[in-house]
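Understanding the architecture of this molecule
As a plain string of letters, each chain reads:
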Amino acid sequence: LDEKLGNSKARFFPGVAYRHILKIKGHQETLLSECTPPHDIPGRAVASYLPKGPGSQILRDLMDRSEPILKVHPVNQSRIRHGELPATSIWLFWPSCQVPDLPPFQKLYGVDGAMISGVDLLNGIAKMAGMATLKVPGVTDGLDNDYKAQAEGALRALEVHNLVVVHVEAPDEAGHSGLIDEKINAIEKIDAEIVGRLLTYKQDSLRLMILPDHPTPTDIQTHTADPVPFLLWGPGFKASGGRRFTEREAKSSGFHEQTGHNLIKKLFFN
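1. Things to note about the sheet that holds strand β3 (residues 113-116)
Read from one edge of the open sheet, 3 strands run β4-β3-β5, paired in parallel fashion. In this open sheet, the two strands that pair with only one neighbour each are β4 (132-133) and β5 (163-166). Alignment of β3 against β5, held across 4 bridges, turns out to be parallel. Bridged to Gly 113 within β5 is Leu 163.

This is the structure in structure tokens:
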């Protein structure tokens, strides 16, 4: 794509899976375009969701010009031969601009942190916050994630860092694909392979905060704004009476934290 469509005004940078970057110079109007994330419209005709508004014609032109390039690409030709759906065009969304400065995590909380994730977005946020990004072989952004390797990587990292964020993308990917069995399998593996292993660490000095970042119900295959359950465990935390880690159990507790970043304060300063 960069070879065929790229120029001094537009450059393409490969990322992971379907998350890539198009860098546009000199067309700030594209920042005002109304775009739709593709994972918000699974199974729908795309005509009503193409970019709209200021700068959208530039985006739509690039999308149109990508079609003949992708049509003859060897990867797509192979997919067609194997009866798989081809990638017919690029889909441009999430216009952004210069990222504001993010206060260093250690300066905010006095804690040295690290991230283990197979998703560039999460690793990017960690880098912006001055956290270490750890590369663990086998950690991916999909259903093939190596949960055991991720947990063991976290245990090694705890010998060096005060805080290790372990991010697993698999349940979200299963939700977007409408795969209920795969989502259950991913959650069970997190419980057995990651949480189970972390509990072997020094329990007198280990605190855990476990939560999803958002729901992705398999029946609608996209994100919702519903509250998520969270669990805080370790020295200094008192049991709340909850017996299961579910949305229903969390709701029945009567405790609701409206401001998400207050949870990290509870983890550190409770």
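2. Focus on the side chain of Lys 183
On the secondary structure map, Lys 183 appears in helix α8 (residues 180-198). This buried residue, Lys 183, is left without a salt bridge; Glu 247 holds the nearest opposite charge, at 6.9 Å. Contact partners of Lys 183, with chain neighbours within four places excluded, come to Pro 171, Ala 174, Gly 175, Thr 216, Pro 217 and Thr 218.

3. Overview of unusual backbone geometry
Although it is not a glycine, Ala 17 sits at a positive phi angle of roughly 55°. Within the secondary structure layout, Ala 17 lies in the loop between β1 (10-16) and β2 (19-24). Looking at Ala 17, the relative accessible area reads 49%, which means it is partly exposed. Even without a glycine there, the phi angle at Gln 221 is positive, about 60°. Tracing the chain through its elements places Gln 221 in the loop between β6 (208-210) and β7 (231-233).

4. Quick word on the packing of helix α7 (residues 170-177) against α8
At a closest axis distance of 8 Å, the pairing of α7 and α8 adopts a crossing angle of 170°. Taken together, the axis directions place α7 and α8 in an arrangement best described as roughly antiparallel. Of the residues in α8, those touching α7 at Ala 170, Pro 171, Ala 174 and Gly 175 are Glu 182, Lys 183, Ala 186, Ile 187 and Ile 190. Residues belonging to the contact of α7 with α8 are distributed by class as follows: 6 nonpolar, 1 polar and 2 charged.

5. Notes on the pairing of β2
Summarising the sheet, β1 and β2 pair through 5 bridges and their orientation is antiparallel. From the neighbouring strand, Ala 10 faces β2, where its bridge partner is Ile 24. Taken together, β1 and the strand that follows it, β2, pair antiparallel across an intervening segment of 2 residues, in which Ala 17 is found at a positive phi of about 55°.

6. Structural notes on a nonpolar patch on the surface
A surface patch of nonpolar side chains, about 420 Å² in accessible area, is lined by Val 99, Leu 102, Leu 121, Ile 125 and Met 128. Summarising the element assignment, Ile 125 is placed in helix α5 (residues 120-128).

7. Things to note about the pattern of salt bridges
Scanning the entire structure with this criterion turns up 9 salt bridges. Between Arg 19 and Asp 141 there is a salt bridge, with its nearest N and O atoms 3.1 Å apart. Here Arg 19, found in strand β2, pairs with Asp 141, found in the loop between β4 and α6 (147-157); they are 122 residues apart in sequence, far enough to count as distant. As far as burial versus exposure is concerned, Arg 19 and Asp 141 are alike and both buried. Residue Glu 173 pairs with Arg 19 through a salt bridge whose shortest N-O separation is 3.2 Å. Linking Glu 173 in helix α7 with Arg 19 in strand β2, this pair joins segments that are 154 residues apart in sequence. With a relative accessible area of 16%, Glu 173 lands in the buried category. Linked through salt bridges whose partners overlap, the residues forming this network are Arg 19, Asp 141, Glu 169 and Glu 173.

Scoring rules and cut-offs
- Residues numbered from 1 in each chain as written.
- Predicted model: local features only at pLDDT ≥ 70, side-chain atom pairs only at ≥ 80, totals over all residues.
- Heavy atoms only, no water.
- Pairing = 2+ DSSP bridges.
- Helix = DSSP H or I, 4+ residues; strand = E, 2+ residues; numbered from the N terminus.
- Buried < 20%, exposed > 50% of the residue type's maximum accessible area, 1.4 Å probe, protein only.
- Lys, Arg positive; Asp, Glu negative; His and termini not counted.
- Salt bridge = Lys/Arg side-chain N within 4 Å of Asp/Glu carboxyl O.
- Contact = heavy atoms within 4.5 Å.
- Axes fitted to C-alpha atoms, helices over the stretch in contact; angles between N-to-C directions.
- Parallel < 35°, antiparallel > 145°, perpendicular 65-115°, else oblique.
- Nonpolar A, V, L, I, M, F, W, Y, C, P; charged D, E, K, R; others polar.
- Patch = residues over 30% accessible without salt bridge, like charges linked within 9 Å, V, L, I, M, F, W, Y side chains within 5 Å.
- Areas by Shrake-Rupley, 256 points an atom, 1.4 Å probe, with all protein chains shown as cover.

The values reported here are purely geometric and, on their own, carry no functional implication.
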